[in-house]
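Residue-level structure breakdown
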Amino acid sequence: MKNLTQRIGMQGLAVAGLCLSLIGCAESFDTSFFEKDIKDPEFNIELAGLPIGYTTYTAKELFEEIGDDIEVGTTDDNGKSVVSFSYSQSLSAGENSDFVSVDDQTFEGDFQLLADAPIPGGSYEYGTFQLADDEIGASKDTILQKIQTLANIDSDLTAAEFSEGTLTINITTTTEAQTELNFKIPSLIRKDNGNPYNKDFLLKDHSIPANNVNTITVNLSNYEFDFTIDQLNPSQTNNGFNKIAVEIEAVIIFNDGDNISTSDELNYTISLANPKVKTAEGDFKDASFNVENQTFDLDFFKELGDGTINFENPTLKLSATSGYGFPVGLTLESIAATDGTTTTNLAITDASPAEDNIEPVVGGTGNYAIIDAAATNGETKTSNIILNNQNSNLADLLNAKPTQFNLNVTAGANPNRTNNANFFDVDNTLAVDVNVELPLYVTFKDLSFSPDPFEFDSEDISDNASSLSLRVGSRNSIPLKGIVTLEFVKNTGTEQAPVYEVVTYANADNVVTDFKESVNVINAAPIDAQGFSKYTLDNEGVLKEGSSIIEPSVAWLNLTKEQIAVMDEVTHIQAYITFDTVDSNNDGNPNPAKIQSTDQVRLDLAIKGDLKITTKDEDDNN
C-alpha cells in the first residue's frame, strides 16, 4: 500500500486558500489524515481543490486486510498471477505401532511316545535287555511334526520381526523312562546366524536330576518368524500364512524298573507373551489405520459479515507421503464445513478418473482417496489427491461461508484390493499435507474491507471554515465496483492503544447522528473473455486501457454546517470499501472475475471550502 499525505497548519491553509483563489478556484484549504509516508502531494488543477494525498492498494494488499487465518498468495493462470487464498494443515498417522499385532497365545501338542514301539501293550515294569540297547531312537516312530496356526489375527502374515516379547517352551512326559528331546521350530529363525530354533531337552534323568530341563524361555527380539511353512513331511513347503511349524525328535532310554506304558505321552506348550511387532509382511486385508483428524477455523468468512463470496474454482489438495508398504484408503465423505448451525459434507461427484487417486468403495457406499504404498521398506511414496469442481461439491462447502473446516477421515489398508503383498515397520511414517487453495476467480456481494484508520489534522477548522467539501477520487484496475464509506472518528485511547469512536453531531432536525458518509465512487474495470481486468494502473497513478488514459471517477462530500461544527473532534477517518462484482447482463448473475495480484485501486482526497482569514493583529486582540 502506498499512502502519501501533506501536513499543513491553519496558516498554511490560509495561504493555500489564497493561492487557489488566484487561479480561479474558491478559497480552499487543507487538512491531513493519511499518516504513513509523508510527501508533498502533486497539485493537479483537475482536482478542483487542494489535494490532501492519496492511498493505493494492490488487490493482494486489500485481501490481506481481511484476516490473519488465511495466507494470501498467488497462483498462476495462463501466465497471469491471480490472488489466491490458502489454508494449510497437516495430518499425520496416529498411533499405529499396533497396526499389525499378535496376541498372547499358547499352542499345545502331544503324541504317544511308545504307541508304535516294539514293546508289549499296556503298562508294565521295564526289565533290562527287553530292547536292544534299552532305548528307542530317533525314528519316524519318535518324531512329532505339527503345524500350529496363530489365533485371533485378521491379517495373513508371512513373516514378522518382534521388538519385544518372549516365547516359552514347556515339555512334560508321563513316562518314567529317561527322554532326550531335540525341539525344533523351523519357523523361528535366529537373526545372527539364520538358523532355525533348535534346542535339546533332557527329561527323567534319574541319576542326575539337576540335568532335567523341561522349560526354556527365549527373547523374541533375537529371532524373526517365517509363517509360511505349511508342511514338513514328506518335504517342507512354504505356501501358508500365520503358521508355526514344530518338529520334535525323541530318544527314550529305559532303565530297569521304569514303569512304562504304550499310552505314555509327550506334551508340549509354546507360549507367546507380550509380542510386539516391529516389522511384518503379508496381506493386511482392510485393517483399520489411524489418521489424526484436524479442524481449522475459517475466520476469514466471519470478516465478510453479511457479504457473500462465491469461488468458481477452489481446490483441496491432499499431498500424502507414505513409507508404509500398503495403500491407505481415506474415506472423504466425512470431511465437512460448518457455520455453527448448518454442516455441509463433502460429496464426490465423479470418481471415475483413475489418475486422480479417487475411486468408489467396491461393494459399499462412498469413495476412497488412495494413498499409494511405498515400494520397499525405507523408501517413501508421495500421492496427490486433488478435489475441485470437476469431481466434488467443494465449492458448495466453501461458498456457504463456513467458520470451520473439519478434516475428519477414516482410513484403512488395501482399499478395494485383494491378495496383497504388504509390509509394515513401526518406523514407517505417513504425513498428509492439506492445502485449500481459493483462487480469486469469484463473484462478490457486499464484500467489505476496512484499512487502518487514517490520521486527520482538524485543528481550528470549526472556527475558521464556513463551508467544506471533501473530494474522493478513484482510479481502479480491479474488476470490482465499490462504495467508499468514510467514518469520522476520534481516538479516546492512547496512541499505542487507540480506541476509536464515531463522532456524532446534531443534524438540522436536532437528531444525534453518526458522522459518516458514503460515496459510490469506484467503478469496476471491464473484463476480457478470460475474466481478467482490461485496465492497468501505472507507476504514475494513471489508469489506462492499453495506451488510452481512463479518467478518474470523482465524488464530492459536501459537509453540512452541523458536521463542520464537530470537525475539531475528528482525529482519524476510517474508510470502508464495499466491493461487488458487476452484473453486466442485469440477469441476477454477476460476472465472475479473476483478481490479479497486480490489480490496484487508488483513492485521492482533496478539500476545498470558504475560510475566514484572521490577521495576526486581529488574533492578538481576541
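Residues numbered from 1 in each chain as written. Predicted model: local features only at pLDDT ≥ 70, side-chain atom pairs only at ≥ 80, totals over all residues. Heavy atoms only, no water.

1. Some details on the overall build of the chain
- Counting its secondary structure elements, the chain contains seven helices and 49 strands.
- Counting over 622 residues, the chain shows a buried share of 47%.
- Look at the contacts in the chain between residues 6 or more apart in sequence, and 81% of them connect residues 24 or more apart.
- For the chain, the computed accessible surface area is about 28800 Å², with 43% contributed by carbon and sulfur atoms. (Helix = DSSP H or I, 4+ residues; strand = E, 2+ residues; numbered from the N terminus. Buried < 20%, exposed > 50% of the residue type's maximum accessible area, 1.4 Å probe, protein only. Contact = heavy atoms within 4.5 Å. Areas by Shrake-Rupley, 256 points an atom, 1.4 Å probe, with all protein chains shown as cover.)

2. Some remarks on the pattern of salt bridges
- Applying the stated criterion across every chain, the model contains 13 salt bridges.
- A salt bridge links glutamate 161 to lysine 191; the shortest N-O distance between them is 2.7 Å. Placement of glutamate 161 in strand 10 (residues 156–173) and of lysine 191 in the loop between strand 11 (178–190) and strand 12 (196–203) is noted, with a sequence separation of 30 residues between them.
- Relative accessible area serves as the criterion here: at 35%, lysine 191 is assigned to the partly exposed category.
- Across the salt bridge formed by lysine 278 and aspartate 427, the nearest N and O atoms sit 3.9 Å from each other. (Salt bridge = Lys/Arg side-chain N within 4 Å of Asp/Glu carboxyl O.)

3. A word on the sheet that holds strand 23 (residues 315–322)
- One open sheet holds the five strands; their spatial order is 4-5-33-23-29, and the pairing between them is antiparallel. In the strand order of this sheet, the two ends are held by strand 4 (71–77) and strand 29 (381–387), each with one partner. Taken over all neighbouring pairs, the strand axes of this sheet differ in orientation by 30 degrees on average, direction set aside.
- Note that strand 23 and strand 33 (residues 430–439) share eight bridges and pair antiparallel. Looking at strand 33, one finds that threonine 321 is bridged to alanine 431. (Pairing = 2+ DSSP bridges. Axes fitted to C-alpha atoms, helices over the stretch in contact; angles between N-to-C directions.)

4. Some details on unusual backbone geometry
- Note that the residue after asparagine 233, namely proline 234, is joined by a cis bond; omega there is 10 degrees.
- Relative to the elements of secondary structure, proline 234 occurs in the loop between strand 15 (229–231) and strand 16 (237–238).
- Of note, the phi angle at asparagine 152 is positive, near 55 degrees, even though the residue is not glycine.
- By secondary structure assignment, the location of asparagine 152 is in the loop between strand 9 (143–149) and strand 10.
- Non-glycine residue asparagine 510 carries a positive phi angle of around 65 degrees.
- Assignment of secondary structure puts asparagine 510 in the loop between strand 40 (504–506) and strand 41 (512–514).
- Given a relative accessible area of 63%, asparagine 510 falls into the exposed group.

5. Details of the environment of glycine 127
- One can find glycine 127 in the loop between strand 7 (123–125) and strand 8 (135–136).
- For glycine 127 and asparagine 259, which are 132 residues apart along the polypeptide, the C-alpha to C-alpha distance reads 9.7 Å.

6. Overview of the environment of alanine 337
- As for its position among the elements, alanine 337 is in strand 25 (residues 336–338).
- Take alanine 337: its relative accessible area is 3%, and that puts it in the buried class.
- Distance in space between the C-alpha atoms of alanine 337 and leucine 394 is 9.6 Å, their sequence separation being 57 residues.
- Ignoring any residue separated from it by four or fewer positions in sequence, one finds alanine 337 in contact with Thr342, Thr343, Thr344, Leu397, Pro402, Gln404 and Phe405.

7. What about the confidence of the model for the chain?
- Overall, the prediction assigns the chain a mean pLDDT of 84, with 86% of residues at 70 or greater.
- Per-element mean pLDDT across the chain ranges from 35 in helix 1 (residues 10–22) up to 97 in strand 14 (residues 223–226).
- Residue range residues 4–47 is modelled with pLDDT below 50. Its contacts to residues more than four positions away, or to other chains, number 121 contacts. (pLDDT = per-residue confidence, 0-100.)

8. A word on the sheet that holds strand 21 (residues 294–297)
- If you walk across this open sheet you meet the four strands as 21-30-25-26, and the pairing is antiparallel. Each end of this open sheet is capped by a strand with a single partner; those strands are strand 21 and strand 26 (343–345). Each strand axis lies, on average, 20 degrees off the axis of its neighbour in the sheet, ignoring direction.
- Where strand 21 meets strand 30 (residues 404–407), four bridges bridge the pair, whose relative direction is antiparallel. In the strand pairing of strand 30, threonine 295 is matched with asparagine 406.

9. Brief notes about the packing of aromatic side chains
- With the rule as written, the count across this model stands at 21 aromatic pairs.
- Between the aromatic rings of phenylalanine 289 and tyrosine 324, the centroid separation amounts to 5.0 Å while the plane-to-plane angle is 80 degrees, which identifies the pairing as edge-to-face. On the criterion of sequence distance, the pair formed by phenylalanine 289 in strand 20 (residues 288–289) and tyrosine 324 in the loop between strand 23 and strand 24 (328–331) is long-range, its members being 35 residues apart. Tyrosine 324 matches phenylalanine 289 in its accessibility class, with the two residues each being buried.
- An angle of 75 degrees between the planes, with centres 5.6 Å apart, marks the rings of tyrosine 505 and phenylalanine 515 as edge-to-face. Here tyrosine 505, found in strand 40, pairs with phenylalanine 515, found in the loop between strand 41 and strand 42 (516–522); they are 10 residues apart in sequence, far enough to count as distant. Neither residue differs from the other here; tyrosine 505 and phenylalanine 515 are each classed as buried.
- Chaining the aromatic ring pairs together yields one cluster made of Phe99, Phe284, Phe289, Tyr324, Phe326 and Phe424.
- Sitting above the plane of the tyrosine 441 ring, lysine 594 keeps its charged end 4.9 Å from the centroid. (Phe/Tyr/Trp six-rings, centres within 6.5 Å; stacked < 30°, edge-to-face > 60°. Lys NZ or Arg CZ within 6 Å of the ring centre and 35° of its normal.)

10. Here we look at a negative patch on the surface
- Together, Asp133, Glu135, Glu180 and Asp200 line one region of the surface with negative charge.
- Locating aspartate 200 in the fold gives a position in strand 12. (Patch = residues over 30% accessible without salt bridge, like charges linked within 9 Å, V, L, I, M, F, W, Y side chains within 5 Å. Lys, Arg positive; Asp, Glu negative; His and termini not counted. Charge placed at Lys NZ, Arg CZ, Asp CG, Glu CD.)

11. Notes on the pairing of strand 5 (residues 80–92)
- Two elements, strand 4 and strand 5, share seven bridges in a ladder whose sense is antiparallel. Counted as the bridge partner of aspartate 76 is serine 81 from strand 5.
- Counting the residues in the hairpin turn of strand 4 and strand 5 gives two residues, including asparagine 78, whose phi is positive at 55 degrees.
- Sheet analysis places strand 5 next to strand 33, joined by nine bridges and oriented antiparallel. Of the residues in strand 33, the one forming a bridge with phenylalanine 85 is leucine 438.

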